[in-house]
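Given next are the chains, with one letter for each unit.
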Amino acid sequence: MHASQYLTNPGKFETGPMVAVFGTERYLKRSACDALRTVVLKGSDEQPAVFAGKDATLSDVLDELAMLSMWGDRRLVIVEDADEFVKKYRAALEKYLDKPAKKSVLVLEVKTWNKTTRLAKSLEKCGLPLSCEELKGRELQKWIDQTAKVRFEKQVSRDAAHLMEELVGNNLGLLEQELDKLSSYVGERAQIEQEDVRALVGGWKTETTWKMLDALRDGQPGRALELLDNLLNAGEPPLKLLGGISFVFRKYSEAAEWARRGESLGQALRQSKVFPNAIEPSGKFLRKIGRPNAEKILTRLMNADGDLKGRSTTPDRMRMEQLLIELSGLIPAESSQ
């Protein structure tokens, strides 16, 4: 089971005598261990016994599991960074599962968990394996939506969630921090919108970059050049700006290729992961500039990248202005090599 599923309702699941918490997402591992403390110890004054895996011995861990508690009727023993511990004592842990302490739970927190071992198969039957691998795509979007509802009593629009992923990545700890800030930022409003994410998560430079690209898409190249000037005057590096431009226009290039293969333009844009509320204006933009210009987008981006990295003596500001004019469709495709 993935830990994100477990964390929606920890009390619903039986832990059994042993829990494996495995994976690379440290936020999920910490959250899972915190939830296990609440579920196993049930609000008693009992504290878990925590061992560092590199120093723990099997005898010490087993002694803790067998110890009777003065404060509650259950024991929780956690071995952190337990990869070496599991490797060293795997056979003994397998044997322990055959006859575990009745009122104790052993948590093994590891980076990797080989599901083909006898230990893993035994734990699958009588314990609880919790995967804490990184979330991506639809699962990450579900996590953002669920966390906003449960932790902050807010709704997150689909576009806002997509933009959060693009700006922050899939680090759940950072995403939760941003959701915390966003919930305060929107105040009494029930829903976090894409504009809120643009304004707060990325800062004004990111927001201005998005406005520049929207202006370019919406047939306002003069406004796009004005915003580019503001960003460059504020010290924003041209290569960083090119990264933002490429992020949006590579999707347009991919959509043009899907359309060339026979997909409808709307479906092509969806397959290229254009934000849902941008599909209609993006379609209008691609129809306006025409297929020859759309098919030239990737080449123009690559040429600009090479020029900004020293291939050309053209000043960076002039080269960025040229790129925006090229992408707007004002320069015919055959005029740009």
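Up top is the structure.
Here the structure is a predicted model, which is why all the values come from computation and not from measurement. (Residues numbered from 1 in each chain as written. Predicted model: local features only at pLDDT ≥ 70, side-chain atom pairs only at ≥ 80, totals over all residues. Heavy atoms only, no water.)

1. Here we look at the sheet that holds strand β2 (residues 49-52)
Hydrogen bonds between backbone groups are what pair the strands of a sheet, and the pairing can be parallel or antiparallel.
And then number 1: The strand order across the open sheet formed by 5 strands is β2-β3-β4-β1-β5, and the pairing between neighbours is parallel. Both edges of this open sheet fall to β2 and β5 (128-131), since each of them pairs with a single strand only. Pairs of neighbouring strands in the sheet enclose a mean axial angle of 15 degrees, with direction left out of account.
And then number 2: When strand β1 (residues 18-22) meets strand β4 (residues 104-110), the two strands line up parallel, connected through 5 bridges. Residue V19 lies in a different strand from β4, and its bridge partner there is V107.
And then number 3: Here helix α4 (residues 83-98) sits on the sheet and contacts β1, β3 (75-80) and β4; the angle it forms with β4, its principal contact strand, is near 150 degrees.
And then number 4: Against the sheet, helix α5 (residues 118-126) contacts β1 and β5, and its axis sits at roughly 115 degrees relative to β1. (Pairing = 2+ DSSP bridges. Helix = DSSP H or I, 4+ residues; strand = E, 2+ residues; numbered from the N terminus. Axes fitted to C-alpha atoms, helices over the stretch in contact; angles between N-to-C directions. Contact = heavy atoms within 4.5 Å.)

2. Section: the nonpolar core
And then number 1: With 78 residues, the main nonpolar core has V107, I144, M212, I245, F249, Y252 and L286 as its most contacted residues.
And then number 2: For L286, the residues in contact, after removing those within four places along its chain, are Y252, A255, L265, L269 and A294.
And then number 3: Judged by nonpolar contacts, the second largest core, of 25 residues, contains A56, L58, L108 and A120. (Core = buried A, V, L, I, M, F, W, Y, C linked by side-chain atoms within 4.5 Å. Buried < 20%, exposed > 50% of the residue type's maximum accessible area, 1.4 Å probe, protein only.)

3. Structural notes on the pattern of salt bridges
And then number 1: All chains considered together, the criterion is met by 26 salt bridges.
And then number 2: Across the salt bridge formed by E257 and R261, the nearest N and O atoms sit 3.0 Å from each other.
And then number 3: By relative accessible area, which is 27% here, E257 ends up partly exposed. (Salt bridge = Lys/Arg side-chain N within 4 Å of Asp/Glu carboxyl O.)

4. Details of the pairing of β4
And then number 1: Most of β4 sits out of view: 7 of its 7 residues are buried.
And then number 2: As defined by bridge partners, β3 adjoins β4 across 5 bridges and the pair is classed as parallel. Residue pairing in the sheet places I78 in a bridge with V107 of β4.
And then number 3: The handedness of the β3 to β4 crossover, carried by α4, is right-handed. (Right-handed = clockwise from strand over helix to strand, strands pointing away.)

5. Examining the side chain of E176
And then number 1: Along the chain, E176 falls in helix α8 (residues 172-186).
And then number 2: Among all residues touching E176, those that are not within four sequence positions of it are Y27, W143, R151 and F152.

6. Some thoughts on the packing of helix α6 (residues 137-152) against α8
And then number 1: Where α6 meets α8, the axes come as close as 10 Å, and the angle between the chain directions of the two elements is 45 degrees. With respect to each other, α6 and α8 are oriented oblique. Where α6 crosses over α8, the handedness of that crossing is right-handed. Taken together, the residues of α8 that come into contact with α6 (itself represented by L140, W143, I144, T147, A148, R151 and F152) are L172, L175, E176, L179, D180 and S183.
And then number 2: Its residues assigned to classes, the contact of α6 with α8 shows 8 nonpolar, 2 polar and 3 charged. (Parallel < 35°, antiparallel > 145°, perpendicular 65-115°, else oblique. Left-handed = near helix turned anticlockwise from the far one by under 90°. Nonpolar A, V, L, I, M, F, W, Y, C, P; charged D, E, K, R; others polar.)

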